[in-house]
There are 2 protein chains.
Amino acid sequence: MPRYKCIISYDGTAFAGYQVQPEKRTVQSELEAALGKMHKGTHVKVTASGRTDAGVHAKGQVIHFDSTNALPAENWQKALNALLPHDIVVLAVEQVADDFHARFNPIGKEYRYRVERSPLRDPFQRHYAYHYPYPLDLEAMREAASYLVGTHDFTSFCASNTSVVDKVRTIHEIEVKEQGDSLVFRFFGTGFLYNMVRILVGTLLEVGSGKKKATDLPHVLAKCDRQAAGKTAPGHGLYLWEVYYPEN
Amino acid sequence: MPRYKCIISYDGTAFAGYQVQPEKRTVQSELEAALGKMHKGTHVKVTASGRTDAGVHAKGQVIHFDSTNALPAENWQKALNALLPHDIVVLAVEQVADDFHARFNPIGKEYRYRVERSPLRDPFQRHYAYHYPYPLDLEAMREAASYLVGTHDFTSFCASNTSVVDKVRTIHEIEVKEQGDSLVFRFFGTGFLYNMVRILVGTLLEVGSGKKKATDLPHVLAKCDRQAAGKTAPGHGLYLWEVYYPEN
């Protein structure tokens with residue numbers, strides 16, 4: 001059965017997250033409902049690069065599914081966009097090899113996190129950035145970030161209710177960039193643990209506001225204890241930006 | 001009793017419009033609820049420069065109210081922002097003369113309308129711009145706009161279910177500007193009739209797409225008939241941008 005890879009974008013505001021949950025509106029259930037309509041009601045399972053939490057957005061989530069419908073990629077895109085609700089859009093579709101796997105094949109992921117720093121909250125940003133109107137020492141935050149780059153055991157930066165055993169991950173790059181009144185964090189790495197980006201952001205904000213020192217970070221990593229790191233930043237500032245796969 | 005003028009901004013998405021309606025969530029009812037809390041439950045009436053429809057946004061709506069609470073303007077702002085829901089924000093407060101009137105005093109208003117032209121709809125813009133992915137002749141639209149500038153009877157551009165008798169208004173300026181993938185219309189005039197900006201935009205889009213000619217516009221105006229103009233563009237692309245009052 002031909003396999004299709006889709007790049008999708010969604011506004012996470014009105015979803016209880018990516019993954020199917022009973023009685024909840026999720027991205028996966030909307031995708032599977034649209035595909036069901038294209039397959040006479042037959043269930044078509046969708047596999048994503050990873051789940052996203054409630055309120056978390058995606059600019060470049062990747063999914064795959066198998067289908068006997070022999071449609072050109074462009075028609076898949078049009079048909080799905082016609083059936084999907086307006087907070088999800090399919091940006092691209094391509095037929096891929098049978099062994100392509102959205103979840104197991106990624107060689108890298110980029111997440112971005114947006115913090116709105118203006119003194120007054122902006123009604124138009126309330127679902128799209130974390131409003132944090134306090135002074136921040138960006139240099140200290142960048143120094144702290146430099147300790148996080150590399151291959152580390154990120155247990156301190158992982159939600160404690162996770163079943164993943166190996167918590168070693170590699171972060172290739174962390175960028176902390178001012179964009180107008182916003183601060184945009186860019187994280188590029190091999191993969192990220194549950195809540196990891198949000199805990200990284202929460203911890204960097206504690207460094208920026210003076211609650212932690214940049215030089216505390218090696219110790220926070222070494223402790224392998226969730227309590228050592230900072231708070232989990234809210235989901236609505238987070239964007240799954242891009243998922244990288246090996247060249248075909 | 002001292003009178004206060006506030007400049008407010010709101011995301012219109014989750015409101016049934018500005019004006020109080022039974023059982024509906026409106027901007028006015030949220031403002032009056034917040035003021036009620038600051039006056040031990042006593043109702044404080046809020047008067048706006050004009051109402052906005054469901055889904056219509058405001059970057060610079062102006063309201064006034066009277067209060068015996070002798071707070072400095074800055075404290076009014078802080079207190080209201082602490083009590084208001086996050087889709088409304090008070091940008092500024094000042095005490096004004098007793099004869100200041102948000103609705104009767106404006107000498108000009110600016111509205112903007114945002115059209116998103118990218119081929120694919122953007123989930124993040126679905127409440128903030130009208131998605132119109134079809135070719136547009138901007139020069140024809142600008143020529144058409146030039147016929148609308150000036151003092152005219154705008155009956156053709158007014159929702160027919162209105163009680164206003166005098167439909168003569170003056171438009172000082174209409175700008176049609178490309179901003180990335182968007183087209184932003186800027187309307188600056190003495191005042192606007194019910195649905196007028198949305199009908200102006202709908203008509204200019206019909207000129208842009210070739211359904212009407214720019215040179216039809218003088219006839220559309222002259223007919224004084226709502227049927228002569230184009231469709232009413234959707235509310236969610238519209239922003240009440242600024243309201244101008246005489247210098248104190």
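Residues numbered from 1 in each chain as written. Chains lettered and ligands numbered in written order. Predicted model: local features only at pLDDT ≥ 70, side-chain atom pairs only at ≥ 80, totals over all residues. Heavy atoms only, no water.

- Per an unreviewed UniProt entry, chain A is named tRNA pseudouridine synthase A, and its organism is Peribacillus asahii.
- Per its UniProt entry, chain A bears the Sequence similarities (unreviewed entry) comment "Belongs to the tRNA pseudouridine synthase TruA family." (UniProt positions renumbered as here; feature names shortened; annotations may be inferred.)

Structural notes on the packing of helix H1 (residues 27-38) of chain A against helix H2 (residues 73-83) of chain A
If you want to describe how two helices pack, look at the angle between their axes and the distance between the axes.
All names here are of chain A.
No. 1: Between H1 and H2, the least distance of the axes is 9 Å, while the angle of their chain directions is 115 degrees. The crossing of H1 and H2 is right-handed. The segment H1 lies against H2, with Ala 34, Leu 35, Lys 37 and Met 38 engaging Trp 76, Ala 79, Leu 80 and Leu 83. (Axes fitted to C-alpha atoms, helices over the stretch in contact; angles between N-to-C directions. Helix = DSSP H or I, 4+ residues; strand = E, 2+ residues; numbered from the N terminus. Left-handed = near helix turned anticlockwise from the far one by under 90°. Contact = heavy atoms within 4.5 Å.)

Considering the packing of aromatic side chains
No. 1: Following the criterion strictly, the structure yields 28 aromatic pairs over all chains and no others.
No. 2: Measuring from centroid to centroid gives 6.1 Å for Phe154(A) and Phe157(A), while their planes differ by 70 degrees, and the two rings are edge-to-face. Just as Phe154(A) is buried, Phe157(A) falls in that class too.
No. 3: Measuring from centroid to centroid gives 6.3 Å for Phe185(B) and Phe187(B), while their planes differ by 10 degrees, and the two rings are stacked. Comparing Phe185(B) with Phe187(B), the two get one shared label, buried.
No. 4: Cluster of aromatic residues (ring-pair linked, three or more members): Phe124(A), Tyr128(B), Tyr239(B) and Trp241(B).
No. 5: Sitting over the face of the ring of Trp241(A), Arg112(A) holds its NZ or CZ atom 4.1 Å from the ring centroid. (Phe/Tyr/Trp six-rings, centres within 6.5 Å; stacked < 30°, edge-to-face > 60°. Buried < 20%, exposed > 50% of the residue type's maximum accessible area, 1.4 Å probe, protein only. Lys NZ or Arg CZ within 6 Å of the ring centre and 35° of its normal.)

Some thoughts on the domain arrangement of chain A
Residues and elements named next belong to chain A.
No. 1: Split into domains, chain A comes out as domain 1 (3-96) and domain 2 (108-244).
No. 2: On the domain 2 side, the residues contacting the 15 residues of domain 1 number 14 residues.
No. 3: Taken together, the two surfaces of domain 1 and domain 2 that pack against each other cover about 1200 Å², and 56% of this comes from carbon and sulfur.
No. 4: Area buried by domain 1 at its contact with domain 2 is led by Asp 53, His 57 and Lys 59, which between them contribute 39% of it.
No. 5: If you look at where domain 1 meets domain 2, you find 1 salt bridge. (Domains from an automatic or database assignment. Buried area = accessible area lost by both parts, 1.4 Å probe. Salt bridge = Lys/Arg side-chain N within 4 Å of Asp/Glu carboxyl O.)

Here's the deal with the interface of chain B and chain A
It is common to give the size of an interface as the accessible area lost on bringing the parts into contact.
No. 1: Taken together, the contact between chain B and chain A spans 23 residues of the former and 23 residues of the latter.
No. 2: Approximately 1900 Å² of surface area, both sides summed, lies buried where chain B meets chain A, with 60% of it carried by carbon and sulfur atoms.
No. 3: Broken down residue by residue, the surface that chain B buries against chain A is led by Arg121(B), Phe124(B) and Arg126(B), which jointly contribute 40%.
No. 4: Its salt-bridge partner being Arg126(A), residue Asp11(B) comes within 2.7 Å of it at the nearest N-O pair.
No. 5: Taken together, the elements giving at least two residues each to the side of chain B that touches chain A come down to strand E1 (3-10), strand E3 (57-66), helix H2 (73-83) and strand E4 (88-96) of chain B.

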